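Chain residues, written in single-letter form:
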Amino acid sequence: MNGTGSRSTDSLAWLCLRLAETTGPIAAPGTARTVALRAVAAARRNDATEGEVAPFLADLDAELRRSGLPGGMGRYRTTPPPGVGYRSLPGVTAHAVHEVLRCPGFLRCARVEGMTWAARLDPPQCAVHDTSLVTERIRG
């Protein structure tokens, strides 16, 4: 199941990056971390759906706001704002193939990272699914 770009998958991407941090809103033991780990457990199920995970993510967002983080989980931007970035030349159709690293889970988050030689040798970890990000070829 690929739900890239929805509120739940953006929130899972935020959680994936924050779980690996040694400081921050969910690094220290406490209520926020406990709620975050409940969301992780729900997302790790092989048949998890966005609808089942969304309430856990909403609970985490609310707990972070109660804990003093005004933006809660905020949004994790995966695409540049309109008008930014490269465009094709007029009259030319590009068919580039790129390798990226993406979420390995059944319920995929919106996290995508560019492939580098270092990442190829030692892929970054997905903290939500507790495994390495996987390679995917995309056409751009």
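Residues numbered from 1 in each chain as written. Predicted model: local features only at pLDDT ≥ 70, side-chain atom pairs only at ≥ 80, totals over all residues. Heavy atoms only, no water.

### Structural notes on the packing of helix H1 (residues 7-19) against helix H3 (residues 50-66)
At step 1: Where H1 meets H3, the axes come as close as 10 Å, and the angle between the chain directions of the two elements is 55°. Classed by the angle they form, the pair H1 and H3 counts as oblique. When you trace H1 past H3, the crossing you get is left-handed. Residues Arg 7, Ser 8, Thr 9, Ser 11, Leu 12, Trp 14 and Leu 15 of H1 form the contact with H3, whose participating residues are Glu 50, Val 53, Ala 54, Leu 57, Leu 60, Asp 61 and Leu 64. (Axes fitted to C-alpha atoms, helices over the stretch in contact; angles between N-to-C directions. Helix = DSSP H or I, 4+ residues; strand = E, 2+ residues; numbered from the N terminus. Parallel < 35°, antiparallel > 145°, perpendicular 65-115°, else oblique. Left-handed = near helix turned anticlockwise from the far one by under 90°. Contact = heavy atoms within 4.5 Å.)

### Side note on H3
At step 1: End to end, H3 covers 24 Å across 17 residues, agreeing with the expected 24 Å (1.5 Å per residue, within 8%).
At step 2: Restricting attention to buried positions, one finds in H3 the residues Val 53, Leu 57, Leu 60, Asp 61, Glu 63 and Leu 64. Angularly, the buried residues of H3 cover 165° about the axis, an arc narrow enough to put them on a single face. Seen from the open side of H3, the exposed residues pointing more than 90 degrees away from its buried face are Gly 51 and Arg 66.
At step 3: Here the buried face of H3 lies against H1 and helix H2 (31-44). (Expected span 1.5 Å × (residues − 1). Buried < 20%, exposed > 50% of the residue type's maximum accessible area, 1.4 Å probe, protein only. Arc of directions from axis to C-beta.)

### Things to note about the side chain of Arg 111
At step 1: Residue position: Arg 111 is located in the loop between strand E1 (97-102) and strand E2 (112-114).
At step 2: A distance of 3.2 Å separates a polar side-chain atom of Arg 111 from the backbone oxygen of Gln 125. (Polar contact = N/O pair within 3.5 Å; in protein donor to acceptor, adjacent residues only side chain to side chain.)

### Examining the confidence of the model for the chain
At step 1: Per-residue pLDDT for the chain has a mean of 82; in total, 80% of the residues score no lower than 70.
At step 2: Highest mean pLDDT in the chain belongs to H2 (94); lowest belongs to E1 (84).
At step 3: Note that pLDDT drops below 50 for residues 76-80; the model gives that stretch 8 contacts with residues more than four away or on any other chain. (pLDDT = per-residue confidence, 0-100.)

### Some words on the state of the cysteines
At step 1: Scanning the entire structure with this criterion turns up 0 disulfides.
At step 2: The cysteine Cys 103 is free of any disulfide, with Cys 109 supplying the nearest cysteine sulfur at 3.9 Å.
At step 3: A disulfide-free cysteine, Cys 126 has its sulfur positioned 3.7 Å from the sulfur of Cys 16, the nearest such atom.
At step 4: The exposure class assigned to Cys 126 is buried, which follows from its relative accessible area of 2%. (Disulfide = S-S within 2.5 Å.)

### Quick notes on unusual backbone geometry
At step 1: The residue Asp 130 is not glycine, and still its phi comes out positive at about 55°.
At step 2: Mapped onto the elements, Asp 130 comes out in the loop between strand E3 (125-126) and strand E4 (131-132).

### Quick word on the nonpolar core
At step 1: Counting 30 residues, the largest nonpolar core has Leu 12, Leu 15, Ile 26, Val 53, Leu 60 and Val 128 as its most contacted members.
At step 2: Looking at this core, the elements that each hand over two or more residues are H1, H2 and H3.
At step 3: Sequence-distant contacts of Leu 12, defined by excluding residues within four places in its chain, comprise Ala 43, Val 53, Leu 57, Leu 107, Cys 109 and Val 128. (Core = buried A, V, L, I, M, F, W, Y, C linked by side-chain atoms within 4.5 Å.)

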